[in-house]
Amino acid sequence: MKNIITLLLCLTFVIGSAQDKDTKKADELYERMAYADAADAYLKLLKRGKGSRYVFEQLGYCYYQINDLKGAATYFKRVVKGRKVNPEVFYTYAQVLKASGNLSEHDMYMNKFAAEKPEDSRAKSFLENPMAIAEMLEAFPAFDAKNMSDINTEYSEFGGTLAGKDFYFTSSRNTTRKKYHWDDQPFLDVYKAEVVGNTIKNAKILEGDVNTKYHEGGVALSADGKRLYFDRNDYLDGKYVKDENGVNQINLYYSELVDGGWKGVYPVPFNNSEYSVGHPALSPDGKTLYFVSDMPGGFGASDLYKVSINEDGSFGTPENLGSGINTVGKELFPSLDSNGTLYFASNGHMGLGGLDVFKADAQNDGFGAVQNLGNGANSTGDDFAFIYNPETKSGFVSSNREGGKGMDDIYQVTPKVPPCDVIIDVLVVNAYTDEPLFGARVSLGDSNSERLSTIQTSESGTGQLMAACNTPLTVSAQYAGFEPTTIDVPASGNGSMNKTLKLKPVEAIIVDDKIELETILFDYNKSDIKPQAAFELDRLVEIMNKYPKLVVRVESHSDTQGDADYNRALSDRRAKATVQYVIDQGIDASRITGQGFGEDQPVVDCGDNCTEEDHEKNRRSEFIIVNE
């Protein structure tokens with residue numbers, strides 16, 4: 001992607017004093033930004049035995065510029081082992097390592113860079129949070145990026161300006177053009193595609209006066225759709241202009257919509273043949289033009305600027321956006337959304353790859369703190385030309401990330417909603433000794449008693465459960481020889497909590513000749529075993545398994561409401577259902593029996609004057625120990 005972003009404002013590394021007559025040809029190619037050809041020339045020097053640290057360094061930069069990370073690493077690795085290494089070599093090699101996924105060595109060489117240039121903003125950003133990259137890689141992606149396969153090709157596509165049903169972008173697919181010496185790709189042109197349903201397709205080269213045989217790049221369209229800003233090689237009216245070093249710069253132009261076509265090409269007054277101006281973007285009200293330039297007086301290799309657009313269409317004086325936005329590196333491809341938020345690409349702010357996309361919210365007359373848009377919008381490659389519409393919650397980003405169709409592809413981006421999870425750290429202990437219980441089974445359930453997950457506790461009696469937030473939950477714990485228990489967990493937001501479950505030794509539920517369980521509840525006029533009843537009966541099963549000679553009789557009773565015969569039959573069915581559940585859990589049928597007594601044996605003999613509390617006491621199941 002280096003050929004695309006350096007269409008404007010390439011970061012040309014200074015040729016050191018080690019150059020000589022042997023490297024003259026290769027150096028000239030390098031200075032002309034013919035990096036592939038320059039690499040071949042330097043390699044020929046190596047074959048002739050004329051290699052030097054300078055040649056290795058230049059080879060590293062050549063391969064870095066054409067995005068050959070493996071080649072760049074091969075030669076930078078040899079340079080950084082020497083003495084008195086240029087700090088920029090440390091920095092550039094660190095970026096190669098980062099893009100290759102080698103974060104540990106990236107950190108090592110960033111520390112070397114910071115030791116040599118502690119006041120450099122890039123060094124300061126790294127030292128403030130050395131774990132920033134790892135944290136961003138591990139974080140939940142803020143955006144989902146989908147390759148726009150209907151318009152991407154094997155060549156480079158980037159940018160993306162949506163105006164109604166029209167989609168403007170830049171591509172090198174026009175094979176009728178001359179090839180650019182940098183990467184042997186055709187020169188760039190502006191294209192227009194159309195929105196068809198939920199996709200963008202049918203790309204055609206933009207008709208009119210905008211495109212030429214040289215590069216045309218980024219596009220910005222006025223709100224009324226009548227003026228198109230774009231950047232191009234310094235080429236106008238058939239004149240191809242070079243600076244005093246023989247380099248053709250990038251300039252900013254605009255064209256007007258006349259009779260449905262783009263007619264005329266007009267330069268902005270702050271163009272200059274000695275430096276580049278490009279990457280146009282407009283403020284929401286259309287009164288300010290933002291752009292990129294490497295003009296003298298900036299903070300780094302290229303900076304973001306703004307200039308007012310007067311009512312008559314003329315321009316004010318360009319202003320640098322300042323050190324809060326600009327760095328010693330490159331800031332490129334600005335855009336602004338309807339809220340005035342500024343998006344841009346940079347390799348000077350801390351990022352995941354070579355170029356990352358960032359944002360800065362509008363604040364008074366300027367912008368707030370710069371924020372990396374994170375994984376998803378960014379990758380370990382180069383990510384740039386981010387454009388976003390907060391109303392539709394969608395936008396575009398250009399990238400050379402892995403998995404694309406061509407050298408650079410355009411991706412459609414939409415924000416991703418992070419999962420809302422509750423982490424429950426559980427501790428299970430003996431209720432009487434607080435001793436942790438190793439191997440206790442802990443289950444997470446929802447409000448309908450449906451089991452969601454089950455874990456076992458560690459030697460320290462701990463375990464961790466995770467569930468969706470804002471949902472009422474239950475946590476249950478069971479352990480051999482102990483009474484199971486359940487606690488309610490109220491609905492809560494994203495975050496974590498600690499819960500302790502105290503289990504009583506199972507003998508504690510044996511009182512005299514009965515096994516004391518919580519009330520076994522049944523639905524009205526039914527005898528089905530509900531989840532709550534099953535949980536209580538599991539306690540019975542637990543103690544019967546512990547004491548194999550234990551024989552139990554289940555006695556089910558009702559209140560005095562309703563017909564006595566009906567109540568006797570219903571309670572008998574419930575007793576039989578209780579017995580069957582216990583047998584189904586593996587208890588021998590000879591060890592448990594059941595009978596229903598209806599309203600014949602009330603614990604509260606209240607006759608016709610029973611309160612609801614009296615009825616609740618009379619509706620019960622008792623578990624009588626017949627034989628131990």
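The structure presented is a predicted model; accordingly, all values stated were derived computationally and were not measured. Residue numbers restart at each chain and count upward from 1, following the sequence in its written direction. Given that the model is predicted, a residue must reach a pLDDT of at least 70 before its local features are reported, and side-chain atom pairs must reach 80 or more before they are shown or counted; all residues, however, enter totals for whole chains, interfaces and linings. Calculated side-chain values reflect all of the structure's heavy atoms, with hydrogen atoms and water omitted.

### Observations regarding the overall build of the chain
- Secondary structure follows DSSP: runs of H or I at least 4 residues long count as helices, runs of E at least 2 residues long count as strands, and numbering of each begins at the N terminus. For the chain, the count of helices and strands is 12 helices and 38 strands.
- Its C-alpha atoms give the chain a radius of gyration of 37 Å, more than 25% over the compact-globule value 25 Å for 628 residues.
- When contacts within the chain are restricted to residue pairs at least 6 apart in sequence, long-range pairs at least 24 apart make up 54% of them.
- All accessible areas in this document rest on Shrake-Rupley with a 1.4 Å probe, and a residue is counted as covered only by the protein chains that are shown. When the accessible surface of the chain is totalled, it reaches about 29700 Å², and 46% of it is carbon and sulfur.
- Charged residues are defined narrowly, with Lys and Arg counted positive, Asp and Glu counted negative, and His plus the chain ends left uncounted. All charge positions are set by atom: Lys at NZ, Arg at CZ, Asp at CG, Glu at CD. Put simply, the chain has 65 plus and 92 minus side-chain charges, and the middle of one group is 9 Å from the middle of the other. The quantity called the radius of gyration is restricted to C-alpha atoms. Its globule counterpart is 2.2 Å times the number of residues to the power 0.38. For this analysis, residues touch if any pair of their heavy atoms sits within 4.5 Å.

### Quick notes on the confidence of the model for the chain
- With 95% of its residues at a pLDDT of at least 70, the chain reaches an overall mean of 89.
- Every residue gets a pLDDT, meaning the predictor's confidence in that residue, from 0 to 100. Throughout residues 1-17 the model reports pLDDT below 50, and contacts reaching past four residues in sequence, or to other chains, amount to 69 contacts.

### Thoughts on the state of the cysteines
- Throughout, disulfides are identified as pairs of cysteine sulfur atoms within 2.5 Å of each other. Here the structure, examined in full by the defined rule, presents 2 disulfides.
- Shown here is the disulfide that connects Cys420 with Cys469, its sulfur atoms set 1.4 Å apart. Its S-S torsion of approximately 120° makes the covalent link between Cys420 and Cys469 right-handed. Separated by 49 residues along the polypeptide, Cys420 in the loop between β26 (409-415) and β27 (421-430) and Cys469 in the loop between β30 (462-468) and β31 (473-478) bring together distant segments of the chain.
- For the exposure calls, accessible area comes from a 1.4 Å probe over protein chains only, and a residue counts as buried if that area is under 20% of its type's maximum, exposed if over 50%, partly exposed in between. For Cys420, a relative accessible area of 32% puts it in the partly exposed group.

### Section: the packing of helix α4 (residues 53-65) against helix α5 (residues 69-79)
- Orientation is described by lines fitted to C-alpha atoms, with helices fitted over the stretch in contact, and by angles between N-to-C directions that extend from 0 to 180 degrees. As a packed pair, α4 and α5 sit with axes 8 Å apart at the nearest point and diverge in direction by 150°. One finds that α4 runs roughly antiparallel with respect to α5. For the element pair α4 and α5, the recorded crossing hand is left-handed. Contact with α4, carried on its side by Arg53, Phe56, Glu57, Leu59, Gly60, Tyr61, Tyr63 and Tyr64, involves Gly71, Ala72, Tyr75, Phe76, Arg78 and Val79 of α5 and no other residues of that element.
- Polarity classes work like this: nonpolar for Ala, Val, Leu, Ile, Met, Phe, Trp, Tyr, Cys and Pro, charged for Asp, Glu, Lys and Arg, and polar for all others, with Gly in that last group. Of the residues belonging to the contact of α4 with α5, the class tally is 9 nonpolar, 2 polar and 3 charged. An angle below 35 degrees is treated as roughly parallel, one above 145 as roughly antiparallel, one from 65 to 115 as roughly perpendicular, and anything else as oblique. Should the near helix be turned anticlockwise from the far one by less than a right angle, the crossing is left-handed, and should it be turned clockwise, the crossing is right-handed.

### Describing the environment of Thr176
- Topologically, Thr176 is positioned in the loop between β3 (166-171) and β4 (179-180).
- Along the sequence, Thr176 and Pro186 sit 10 residues apart, while their C-alpha atoms lie 7.7 Å from each other.
- We define a polar contact as two N or O atoms separated by no more than 3.5 Å, with the added condition that, inside protein, one atom must be a possible hydrogen donor and the other a possible acceptor, whereas residues neighbouring each other in sequence contribute only through side-chain atom pairs. There is a polar contact of 2.5 Å between the side chain of Thr176 and the side chain of Asn174.

### Some points on helix α10 (residues 531-546)
- Given a rise of 1.5 Å per residue, 16 residues ought to cover 22 Å, and the 23 Å separating the end C-alpha atoms of α10 matches this to within 8%.
- Where α10 is concerned, the buried positions are Ala533, Ala534, Phe535, Glu536, Leu537, Arg539, Leu540, Val541, Ile543 and Met544. Here, expected helix span is obtained from the residue count minus one, scaled by 1.5 Å.

### Focus: the packing of aromatic side chains
- For Phe, Tyr and Trp, where Trp contributes only its six-membered ring, two rings pair if their centres lie within 6.5 Å, and the inter-plane angle classes them as stacked under 30 degrees, edge-to-face over 60, or tilted in between. Inspection of the entire model under this criterion finds 33 aromatic pairs.
- Aromatic pair Tyr61 and Phe76: ring centres 5.2 Å apart, planes at 80°, arrangement edge-to-face. Here the residue Tyr61 occupies a position in helix α4, and Phe76 occupies one in helix α5, the gap between them amounting to 15 residues. The exposure classification of Tyr61 matches that of Phe76, with both residues buried.
- Ring geometry for Phe167 against Phe396: centres 4.9 Å apart, planes inclined by 55°, an arrangement best described as tilted. With Phe167 in strand β3 and Phe396 in strand β25 (residues 394-399), this pair connects stretches of sequence that are 229 residues apart.
- Consider the ring centre and the ring normal. A charge sits over the ring if Lys NZ or Arg CZ is within 6 Å of that centre and within 35 degrees of that normal. Positioned above the aromatic ring of Tyr91 is the side chain of Arg122, whose terminal nitrogen or guanidinium carbon lies 4.2 Å from the ring centre.

### So, the nonpolar core
- Buried Ala, Val, Leu, Ile, Met, Phe, Trp, Tyr and Cys residues that are joined via side-chain atoms within 4.5 Å together make up what is termed a nonpolar core. Core analysis: the biggest nonpolar cluster contains 44 residues, and Tyr42 and Phe76 have the highest contact counts within it.
- Ranked by residues supplied to this core, first place goes to α4 with 8 residues.
- Beyond its immediate chain neighbours, meaning those up to four positions away, Phe76 contacts Glu57, Gly60, Tyr61, Tyr64, Val89, Thr92, Tyr93 and Val96.
- One finds Val292, Phe344, Ala345 and Val413 within the second-largest nonpolar core, a separate group that totals 29 residues.

### What about the sheet that holds strand β8 (residues 216-221)?
- Here, strands pair whenever DSSP counts at least two bridges between them. Within the open sheet, the 4 strands sit side by side as β8-β9-β12-β13. Their pairing is antiparallel. Here the strands that pair on one side only, and so sit at the sheet edges, are β8 and β13 (261-267). For this sheet, the mean angle separating the axes of adjacent strands, direction not counted, is 30°.
- Two strands pair when backbone bridges link them, and strand β12 (residues 250-258) and β13 are joined in this way by 5 bridges, in the antiparallel orientation. Residue pairing for β13: Glu256 is matched across the bridge by Lys263.

### Section: the packing of α5 against helix α6 (residues 87-99)
- Here α5 crosses α6 at 140°, and the two axes come no closer than 10 Å. By the angle between their directions, the pair α5 and α6 is classed as oblique. Considering the relative orientation of α5 and α6, their crossing is left-handed. In this structure, α5 contributes Leu69, Ala72, Ala73, Phe76, Lys77 and Val79 to the contact, and α6 contributes Val89, Thr92, Tyr93, Val96 and Ala99.

### Quick notes on the pattern of salt bridges
- We count a salt bridge whenever a side-chain nitrogen from Lys or Arg sits within 4 Å of a carboxyl oxygen from Asp or Glu. All told, the structure shown has 23 salt bridges when counted by the stated rule.
- For the salt bridge of Glu483 with Arg539, the shortest nitrogen-to-oxygen distance reads 2.2 Å. One end of the pair, Glu483, is in the loop between β31 and β32 (485-489); the other, Arg539, is in helix α10, with 56 residues separating them in the sequence.
- Judged by its relative accessible area of 4%, Arg539 is buried.
- Put simply, Glu555 and Arg553 hold a salt bridge, and the shortest N to O gap is 2.8 Å.

### Examining unusual backbone geometry
- The backbone of Asp259 shows a phi angle near 50°, a positive value even though the residue is not glycine.
- Among the secondary structure elements, Asp259 is positioned in the loop between β12 and β13.

### Notes on the pairing of β12
- Both strand β9 (residues 227-233) and β12 contribute to a ladder of 7 bridges, which runs antiparallel. Note that in β12 the partner of Arg232 across the bridge is Asn251.
- Between the antiparallel neighbours β12 and β13 lie 2 residues, among them Asp259 with a positive phi of about 50°.

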